[in-house]
Every structure is written in C-alpha cells, then in structure tokens.
Amino acid sequence: MSQTVRDAMIPEPQTLEAGASAQEAGEHLTQPEVRAVYVCDDGHFVGVLTRKTLVREVVAAGRDPRETKVGEIAEPARWTLDSGVPLDEAFQFLEEHDAERVPVVDDGKLVGVLSRSVLQRRLAEDEPPPSLDEA
C-alpha cells in the first residue's frame, strides 16, 4: 500500500477562525516557531496570514487590528494538496513549485500542512539502505 500525504503531513496547524481579529493573529505570529496562521471558516480553509500580510493589510493600511477580521485579509493559498495524494507525487509537486509548505485539505477542510523538509526525511527513511555492492 503506497503512503499518502496524510501519512507525512503535520496535523493540526496553527489556525484561527475567520472572525478572529488581526490582533489575535499577530499574537500567534510573535512566536518564533509560527511562520503562518491558517484561517478557516467553520473548518473550511479560507487562506493564510503571515507577518508580511499583517503589515501590509493592517499596519500600512491604517486599520485597527482589534477590529480587522482575519477572514477579510487572509491571502488565498497558492496551492493545496489533497490528503490522499501519494507521497512521491506530493514531493514532485513541491519540487516543481519550489514550495516549502502546502496546506492539506479534505473536501475543503484544512487537515494539516505538508512540509518539504519533513517529506524529504520521510521519503529518505523509506528508501532501502544501499547494498554492500553499491557502497
């Protein structure tokens, strides 16, 4: 049985509901390990917020971060992957698009994030070790 994106994705990414404030998103993005916040509306994936998005859409635009809803400013993801895509196809996709992270969806609902570095490690683990003749 071939492995799919679901087997290698990072489940439960940092999310906010579309009605949350930009201030809440900013609080999440102050954590060094959080590079993006995924915005959902009742579980359905809406888009992505980064520090750059907040600066452009809130700070530079002179909007009040307490009043600005993340659903209004979330950027649609360039790409998504379905959780059932085989791992080798997902790796090819990430390489072709030079993407580091891609949201993973099932029927429009965000279920995880696929990271190229995690996928590379996962695929390397699945490779059989070289034979003694090859070494």
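Residues numbered from 1 in each chain as written. Predicted model: local features only at pLDDT ≥ 70, side-chain atom pairs only at ≥ 80, totals over all residues. Heavy atoms only, no water.

Before we move on, could you go through unusual backbone geometry and cite the residues and values that matter?
For Asp-42, which is not a glycine, the phi torsion comes out positive at approximately 55°. Its location among the elements puts Asp-42 in the loop between β3 (37-41) and β4 (44-49). Taking the relative accessible area as the measure of exposure, Asp-42 reaches 61% and is therefore exposed. Residues other than glycine seldom take positive phi values, yet Asp-98 does so here, at roughly 50°. Owing to a relative accessible area of 58%, Asp-98 belongs among the exposed residues under this scheme. (Helix = DSSP H or I, 4+ residues; strand = E, 2+ residues; numbered from the N terminus. Buried < 20%, exposed > 50% of the residue type's maximum accessible area, 1.4 Å probe, protein only.)

Explain the packing of helix α2 (residues 22-29) against helix α3 (residues 51-59) to me, using residue names and the numbers behind them.
In the contact formed by α2 and α3, the axes pass within 10 Å of each other and the chain directions differ by 150°. Accordingly, the angle class assigned to the pair α2 and α3 is roughly antiparallel. In terms of crossing hand, the pair formed by α2 and α3 is left-handed. Across from Ala-22, Ala-25, Gly-26 and Leu-29 in α2, the residues of α3 making contact are Arg-51, Leu-54 and Val-58. Per-class residue counts for the contact of α2 with α3 are five nonpolar, one polar and one charged. (Axes fitted to C-alpha atoms, helices over the stretch in contact; angles between N-to-C directions. Parallel < 35°, antiparallel > 145°, perpendicular 65-115°, else oblique. Left-handed = near helix turned anticlockwise from the far one by under 90°. Contact = heavy atoms within 4.5 Å. Nonpolar A, V, L, I, M, F, W, Y, C, P; charged D, E, K, R; others polar.)

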